[in-house]
Each structure stands twice: as structure tokens, then as C-alpha cells.
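# Notes for the structure review
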Amino acid sequence: MDNHSFKYIEVILPLPLKRTFTYAVPLPLTSEIHIGMRVVVPFGGTKMYTGIIRLIHTHRPDIVHIKEIVSLLDDRPILRRPQLKFWEWISTYYQAALGEVYHAAVPAGLKLESETQVRINPDFEPTENLSKKETLVLDALSDGNIVSVAELNKWIETKNILPTLKSLFEKNMVEISEKISQKYRPKTETCIRIAPQLLEEKKLKYLFDSMNRTKKQLHLLMTYIDLSDCLTTGKKQQDVSKKELLEKAGTSDTVLNTMLNKGIFEITRKEIGRLDYTVSKTTPPVTLNPLQKKVLNDIESQFIHHPVVLLHGVTSSGKTELYIHLITKALSDNKQVLYLVPEIALTTQLTSRLKRVFGNLLGVYHSKFSDAERVEIWNNVLRRQSYEIIIGVRSSIFLPFHQLGLIIVDEEHETTYKQHDPSPRYHARNAAIVLAAMHGAKTLLGTATPSVESYHNTQIGKYGLVTLRQRFAAIQLPEITTVDLKEAYRKKQMNGHFSDTLIEKITQTLANNEQILLFQNRRGYAPVIQCGTCGHVLRCKNCDVSLTLHKVFNTLNCHYCGYTETIPITCPECSANTLQAKGAGTEKIEDEIKTLFPDAHIARLDLDTGRNKKSHQTIIRDFELRKTDILVGTQMISKGFDFTNLSLVGVLNADNLLNFPDFRAHERAFQLLLQVSGRSGRKNKRGQVILQTSQPEHTIITQVQNADYIGMFESQCAERKQFYYPPFYRLIQLSVKHRNEHICKAAASQLADDLRKIFGNRLLGPNSPLIPRIQNRHIRQLLIKLELNLPAEKAKQFINQSIDSLLRQPKLKGIRIIIDVDPN
């Protein structure tokens, strides 16, 4: 292509739009643009966005007026071509707009967006024909300052001030403009350097002679020379941190300012970044035992024939050490490694373990980092500055890798690998397998409780399989004892939610100076607040769900839309003073165990206590260091942790898991119960698990007690084959949403009628989901079950045609339809 010819680019915008948009490139920039660079472009009336260049061409579109790009933000691409290919696969397979993939993939700090600003027109003439809102806006702008629309919304306490602003603009009373703000700013520090002319030998000697009477200044100069070593580095200016210089010299800003005024020193700003690049001492990987060596050889042999291998290893079998040896091998081949984990909490313990071996080659990436930190990690990987291994959660698959050689998906069965909202609704495990294939890399799936789909793929020869049935150092799997809750309540052998058996075991464990894990898969204090007089249940005003009591915050919270309210003193229906908390979450379990064991050190790990990366780290580290005796938590504590002194696990109520209305409920109950049990007795002796349930004879409970994964797998496969579920069929779920229930029902019924003409009895619904209204939107769902040999892309095409036809109808305005491929 001629670099001097006029060029056009196809741009991806971070908006839920399925297509790209064409922009013209100004002639001065035609030789500088490349695919994967960011450009600022106008969109719509006044807005501007950061777009990604997807394609460069010279074919002028058949449009009268083609908008030009506003600016080019990069001197080199921030996105690599393999990533764009990966984005396109995510978009096509999961039926997401390419703009939605862009929005999810790229850190917010790299996406500039214009902000609508408004100020009063200095020439406007007051009029009496103003609405109340218009008067409020003019009052807010009366000082003449430029104010953002977001600030105006807050001041005037309204959700949308734009119609009012439009009215004032048409009356020539306000001026509206757009301002682009840079979200990411490099972190810098103030540095000091010596004036360049003073590095000449004669001038430096004269300076020393002239400072005989200013001892503090002379000392500061000598300290600078010592820290900068400028006299032995080719007499070049060297930057020294101002903070370090003053601390080392033990002097004040006053002395430094005097020397700055004299022209002895100069001030500079130096980019230092937010990432920790402290050089840490590394140790080689530990030597594997004979069984681990055999398993490692088996994995490498399987990789010869299968790009994807499943490592089915019991809990505490040493899978992480195998991962470390595989990572070492990949690094020796000059390849990068992605190590996926399902929970942010897991990165804490794993990071310290991997850092000991890999040092600064290891980077961590997840949502608890600030936007600026994520930008710097992105750039580090893009430029291969230091990070060759990334450990992170599902969003890590979008990082700009160059030479991926290995992807490890730890705890591959975990549901948190599936993104639910917003779009793209991808499954990170399945997407990682595709990403690895695009790089010619291998994928290792590791778990003690494989997903039924993954294990099925090993049985049909799609994946390789390596099994590790023995725990490290031949320690036995924990002894699992069930407690029949029905009998315990009948015989009055319960204290709150604790059976006498569990209390006795906790007492013994504490006496042995060992630690305890208590599992309750529900956060908050109580899931239901009910009136004892009229039976009224306090519910969310936006969702068809009960409010959860959070005693610590003294609030009632909705876990679906975030709505909160204070706890009423009386029932809002009958005014009786008989409101009662029903059920138990982790907060209540924590309260009860503190009452039963007041001298024990107790902590809680759930979404409420682990909201940022530091709180996660503190809770886990305290348990590792044995500062905590008893840790109460949700499923966050069930996976991947390795605590040497943990000898007892208590499951407060397994029935919540068994009775959930989902075809995967029994599989997930088995996985969760076996995983949390596996935290016990991992190093020195056999652990114990007390499993409280009202169904001790349930098949899943028996299979958990016997660690019978194959039994669970075979029984689940038999059921799923009979009722047309994965892994034998593919699922696509459609959710129809609208604020009006009747419109929602009508739209769902019409969509079902249209799709049934194509899919017949493969289509189920429309049905109401478990929670039929969330965020004031009523929901109806349709489910399509497709045979694996049917062309999925053709099916998706039919679905989109039906949806597009439906959305064009004026009477169904406001309808939202969500496509979820492979719902989890």
C-alpha cells in the first residue's frame, strides 16, 4: 500500500455495537498508523471515544461525509494481531459485540472518553419562562465555571440532566462542549541532579572550595555524589530521588532549596511505575519425588499427542510443584506462561510461593489492582519488560502475550471462570484453550474434581488424561464424618447451627493447637427477615428476592442490585415488633462460634471482608502464620489453599448445595464438598471433616465420603444423556428483559414461537427464572438444546435474525435480549 495515499481505517469502539466504523486518516498521519493502535474519534453528535484500529485500507466508503480521527494516541500498537483474532473468536462464539470484547479486554486507563461539560453563556438574557430544573441548572452555573454533566447530576440530584441542558442550549443560555481526559498517568517521583556545567573538574573543585563555610550544603553535595556515583559514570548527570537524598543526608528542604536557587542542583521528574520490581532472591524448584517425576513425564508424553491435558490429582497431591517444573521448562524454551486461578484470594498464597522460584519474572493481574497498575502490567507484558509468567483470574486471557508456550488452568472445574454480566459472557477455561491453540501453546487443566465436560473430553480422546491418586508424602485423604441434622435437632444435640459432634471436634482441635475451617456458602448474617406475626418477608424494591441482613453494617442488602436500607424496628405491613432473622450466613456463624469459643482467634473470609487485595492478603497470611485459630468463610476458602496446621473442616449445612434447582447442582455439590474437605490434614497427619446434613444417605454425600469421582461422573453422565444436557448437547440460553411484565411475557412468547419454527422441541420455554425480576426488569428465559453435530454458527444466525425482527417492532421498545452461549 502506498503510504502517501489517502487512508481509511476500521475502528472498534468500546460500545455494545456489532460493527466497526470507518474514519479517514489525515495525510500527516498516514505513515504512522498501524493495526492495534489507539485513535480518538468523534462519534454521534458530540462524544469522542478511544477506538482500536482493526483494519487499514484505501477504499473510500460510499458515504458523503467521512469523519476524520481526532488524534493518534500511540507510537506503537497496544494490541497485537493475535489478540484481535482472539477478540473476533470471543465475539463470534459468545455472540458478543466486538466493542463489548474491547471494553472487557483493555484496562480502563487505556480508554480515553470525552466528558460532556457545560457552562453558562455569558451573553444570555434572563427570562421568566424557565422550568424548575432549568432554574436549578442556571443557579449551579452562576459562578461562570465549567462543570461536568456528572457533577451537575449530583448537585441537582437527578439521574439525567441532559434533556434540561438541551432545552437551555436551544435557548442559547448555556454552552456545551466535550473534553477528553487522560485516565492513565505514569507515577513519577521528584529527583535531584547536579547542574551539568558543574561536572567539569575545575568548576567542581571551585564549588567545593567555596562551600567550606556552608557545612550542611557541602554534606548534601557529598551525599548526592555518593548516591549518584556521577564522578565515576563518565561524568554524566545522574538522577537521585529527592526523598532518598534528604533522608540519607539527614537534612531539610531548606538546605536543598538554597542549593537549587544557587543553580547547583536541578529538579527533574522520573517515571518510577507502580509495580514492585524489587529484586528478590530465588531458589530452584524442589526436587520431585518418584511418583511426581512419573506424572510429570506422563504429562509431557500426553502433550505430544494432545494440546490439552487434564491433570486429575487428589487434593494435596503436589500439583503446584508439577506446575512449577512445567513453567521452568517453558521459560527455558523462551516461552511465556499464563497461570489462571478462579479466585483473587488464591493469588496471594500462590504468588509468594511462585515468587520464591521465579522472582521478578512473575506478574499478577486481577481486578483488585487499580486501573493504573493494570495499565502498567499490560505494558510490561506487551513490551516483554520483565514478566514472563502471569498469574491471574479470567480477565488475564486478554493480556498482549507474544510467545505463549503454556497455559495452566488451576481448579478448572470452578464456575467463577464463567463471566455472567456484562457481556462478553465467556468461559475463561474454554477461551484459554482456544487462545493457546492460536499461539501453538499447550494447555494443562488441573483439579481434584474435574468438570463433567472436561473429563468426558478425556474419555472420547479429545484431551489427554494424567491421574495422580496419592497425596504428597502418602498422607491419607481426610476422614469425613456426617452428622444427621434431623436427628441432632430431634435429640436437642444442637447449639445454634453447631452439632455437639462438631463442637467436640473443635474443642479437641484447639486443645492440640491446630486450626479449623468452617464452611457456610452464604454471606451476610441472615438471608431472610420475616415478621413473626403476619409472615411478611422484607424484600428488595428492585428485585424479586429477600433482603439479606448484614449485622456488621446494620443494613439489609440486596445481593443482586446493591440496594440497601436500614433495618426497620417494626414490620412495614402490620407494624408488629416481631421481625425475626431466618437462616444463617457467615456473619452469624462467626458470631455463634465466638460465643462458643470466646478465647479463640476467629476471622471471616467472604466477599464482605475481602473487598480489596490487602484485606485478602491479611486474612490469609494471619491464618498461615497461625494468628487465627478458626476461619469462617464461603466457597472462597474451599479451593487451592495450603495450610499446614489445618486439621479440621466443618461444613455447617450441605443441604443448601444439594437442593439447588440446576442440572449441575449435584456435580457442584460434590466438587465443593470434596474441595473444602481437601483443605484438612495436608501435611503432617490425616485430617477430619464434619459434614452436617439432613440427607446423610444422599448419593452425593456417600460419593464425597468415598472420594468417588468416577461414580459421580458416571451417574451424572447417565442423567444428562437422558435429558439432553452437556456434555452430550450444547446449550444456548436467551433471557428476555423489560420493565413491564406484560411486554416481557409477550416478547418472550413471540420470540419462542418464531424460534420453534426452526428448532422445534429443542426449544424450551419461555419460563420464569428462579428470580424473575432483577433491577426492576422482569425476566423470561428460553433454552435451546443443540446436538453437537449441528452447525452452531448457523443456529446462532437464526437466533439473531429472530431477535432483530423482534426488536424492530415499535410496541416492544425497551426490550433487552441476552444470549448466553454455554450457560453455567
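Residues numbered from 1 in each chain as written. Predicted model: local features only at pLDDT ≥ 70, side-chain atom pairs only at ≥ 80, totals over all residues. Heavy atoms only, no water.

The next thing to look at is the overall build of the chain. Along its length, the chain carries 25 helices and 36 strands. In terms of overall dimensions, the chain is globule-like: its C-alpha atoms have a radius of gyration of 31 Å, near the 28 Å expected for 824 residues. Along the first, second and third principal axes, the C-alpha atoms of the chain reach 95 × 70 × 65 Å. Per-residue burial for the chain yields a buried fraction of 52% across its 824 residues. Of the roughly 38,900 Å² that the chain leaves accessible, carbon and sulfur atoms contribute 49%. The centroid of the 108 positive side-chain charges in the chain is displaced by 2 Å from the centroid of its 85 negative side-chain charges. (Helix = DSSP H or I, 4+ residues; strand = E, 2+ residues; numbered from the N terminus. Rg over C-alpha atoms; globule rule 2.2 N^0.38 Å. Buried < 20%, exposed > 50% of the residue type's maximum accessible area, 1.4 Å probe, protein only. Areas by Shrake-Rupley, 256 points an atom, 1.4 Å probe, with all protein chains shown as cover. Lys, Arg positive; Asp, Glu negative; His and termini not counted. Charge placed at Lys NZ, Arg CZ, Asp CG, Glu CD.)

Another point: helix α3 (residues 132-140). Where α3 is concerned, the buried positions are E134, V137 and L138. Buried residues of α3 fall within an arc of 95 degrees about the axis and therefore sit on the same side. (Arc of directions from axis to C-beta.)

With that settled, consider the sheet that holds strand β19 (residues 479-484). Reading across from one edge, β19-β31-β30-β22-β29-β28 is the order of the six strands in this open sheet, with parallel pairing throughout. Sheet topology places β19 and β28 (602-605) at the edges, where each strand pairs with a single neighbour. With strand direction ignored, the average angle separating the axes of adjacent strands in the sheet is 20 degrees. Where β19 meets strand β31 (residues 688-693), six bridges bridge the pair, whose relative direction is parallel. (Pairing = 2+ DSSP bridges. Axes fitted to C-alpha atoms, helices over the stretch in contact; angles between N-to-C directions.)

Here we take up empty space enclosed by the protein. Scanning all chains against the criterion turns up one cavity of 30 Å³ or more. Put simply, the largest cavity is a space of about 40 Å³. Elements that contribute at least two residues to the lining of the largest cavity include exactly α1 (81-93) and α14 (428-439). Tallying contributions element by element places α1 first for the lining of the largest cavity, with three residues. (1 Å grid on protein atoms, 1.4 Å probe; cavity = no way out; pocket = protein on both sides within 12 Å on 5 of 7 lines; lining within 4 Å. Points joined across faces, edges and corners; volume = space filled by probe spheres on them.)

This next bit is on the nonpolar core. Among the nonpolar cores identified, the biggest contains 161 residues, and I9, W87 and I397 are the most heavily contacted of them. If we skip the residues at most four places from it in the chain, W87 touches I12, L79, L98, V101, Y102, A105, V106 and F398. Judged by nonpolar contacts, the second largest core, of 23 residues, contains I194, L198, M211 and I264. (Core = buried A, V, L, I, M, F, W, Y, C linked by side-chain atoms within 4.5 Å. Contact = heavy atoms within 4.5 Å.)

The strand order across the open sheet built from three strands is β24-β25-β26, with neighbouring strands paired in antiparallel fashion. Each end of this open sheet is capped by a strand with a single partner; those strands are β24 (548-550) and β26 (564-566). Shown here is a sheet whose adjacent strand axes are inclined to one another by a mean of 30 degrees, direction ignored. Relative to strand β25 (residues 555-557), β24 runs antiparallel, the two sharing three bridges. Bridging from a neighbouring strand, L549 pairs with L556 of β25.

Attention now goes to the side chain of S317. Position of S317 among the secondary structure elements: in the loop between β12 (308-313) and α11 (319-332). Within the structure, the side chain of S317 is placed 2.7 Å from the backbone oxygen of V314, a separation counted as a polar contact. If sequence neighbours within four positions are ignored, S317 has contacts with Q292, L468, Q470, R471 and F472. (Polar contact = N/O pair within 3.5 Å; in protein donor to acceptor, adjacent residues only side chain to side chain.)

Applying the stated criterion across every chain, the model contains 31 salt bridges. Across the pair E134 and K171 runs a salt bridge whose closest N-O atoms are separated by 3.2 Å. Of the two residues, E134 sits in helix α3 while K171 sits in the loop between α5 (162-170) and β8 (174-181), which places them 37 residues apart along the sequence. In this structure K171 comes out as partly exposed when scored by relative accessible area, which is 37%. Salt-bridge contacts for D820 lead to K418; the nearest nitrogen and oxygen are separated by 2.9 Å. Here K418 lies in the loop between β16 (404-410) and α14 and D820 lies in strand β36 (residues 816-821), a separation of 402 residues in the sequence. Within the structure, one salt-bridge network assembled from shared partners comprises E590, K594, R604 and D606. (Salt bridge = Lys/Arg side-chain N within 4 Å of Asp/Glu carboxyl O.)

This part takes up the packing of aromatic side chains. On inspection of all chains with the given rule, the structure shows 18 aromatic pairs. Both rings, one in F21 and one in F43, keep their centres 5.1 Å apart while their planes meet at 80 degrees; by these two values the pair is edge-to-face. Taken together, the residues F21 in strand β2 (residues 21-25) and F43 in strand β3 (residues 38-43) connect sequence positions 22 residues apart. Each ring, one from Y455 and one from F713, has its centre 4.9 Å from the other, and the planes form 70 degrees; the classification is edge-to-face. Of this pair, Y455 sits in helix α15 (residues 452-459) while F713 sits in helix α23 (residues 709-723), and the two are 258 residues apart along the sequence. The residues Y455 and F713 share a single accessibility class, namely buried. Each member of the aromatic cluster is reached from another via a ring pair, and the members are F86, W89, Y93, Y94, F398 and Y426. One cation-aromatic arrangement involves R19 over F21; the distance from NZ or CZ to the ring centre is 4.0 Å. (Phe/Tyr/Trp six-rings, centres within 6.5 Å; stacked < 30°, edge-to-face > 60°. Lys NZ or Arg CZ within 6 Å of the ring centre and 35° of its normal.)

With that out of the way, let us pick up the environment of M211. Relative to the assigned elements, M211 resides in the loop between α6 (201-210) and α7 (215-228). Given a relative accessible area of 3%, M211 falls into the buried group. Distance in space between the C-alpha atoms of M211 and L221 is 9.7 Å, their sequence separation being 10 residues. Discounting chain neighbours no more than four positions away, the residues touching M211 are Q217, L218, L221 and M259.

This next bit is on the side chain of S735. Considering the arrangement of structural elements, one finds S735 in strand β32 (residues 729-738). Residue S735 is classed as buried on the basis of its relative accessible area, which comes to 8%. Reaching out from S735, the side chain makes a polar contact with the side chain of Q781 at a distance of 3.4 Å. If we skip the residues at most four places from it in the chain, S735 touches I779, R780, Q781, R816, I817 and I818.

Cis rather than trans, the peptide bond between P726 and P727 has omega equal to 15 degrees. Mapped onto the elements of the fold, P727 is located in the loop between α23 and β32. The omega torsion of the bond from G765 to P766 falls at 10 degrees, within 30 degrees of zero and hence cis. Within the secondary structure, P766 is located in strand β33 (residues 763-767). At Q95, a residue that is not glycine, the phi angle is positive and equals roughly 55 degrees. A positive phi angle, near 60 degrees, is found at N513, a position not held by glycine. Relative to the helices and strands, N513 resides in the loop between α17 (500-511) and β22 (515-519).

Glancing now at α1. Taking 1.5 Å of rise per residue, the 13 residues of α1 would be expected to cover 18 Å, and the 19 Å separating its terminal C-alpha atoms lies within 8% of that figure. Taken together, the buried positions of α1 are Q83, L84, F86, W87, I90, S91 and Y93. Backbone geometry just after α1 places Q95 at a positive phi near 55 degrees. (Expected span 1.5 Å × (residues − 1).)

Among the secondary structure elements, C561 is positioned in the loop between β25 and β26. Taking the C-alpha atoms as reference points, C561 and L361, separated by 200 residues in sequence, lie 40 Å from one another. Excluding anything up to four places from it in sequence, C561 contacts C540, N542, C543 and Q775.

With that settled, consider the environment of P285. Along the polypeptide, P285 turns up in the loop between β11 (265-271) and α10 (290-305). Here P285 falls in the partly exposed class, since its relative accessible area comes to 27%. Spatially, the C-alpha atoms of P285 and F358 are 9.1 Å apart, while their sequence positions differ by 73 residues.

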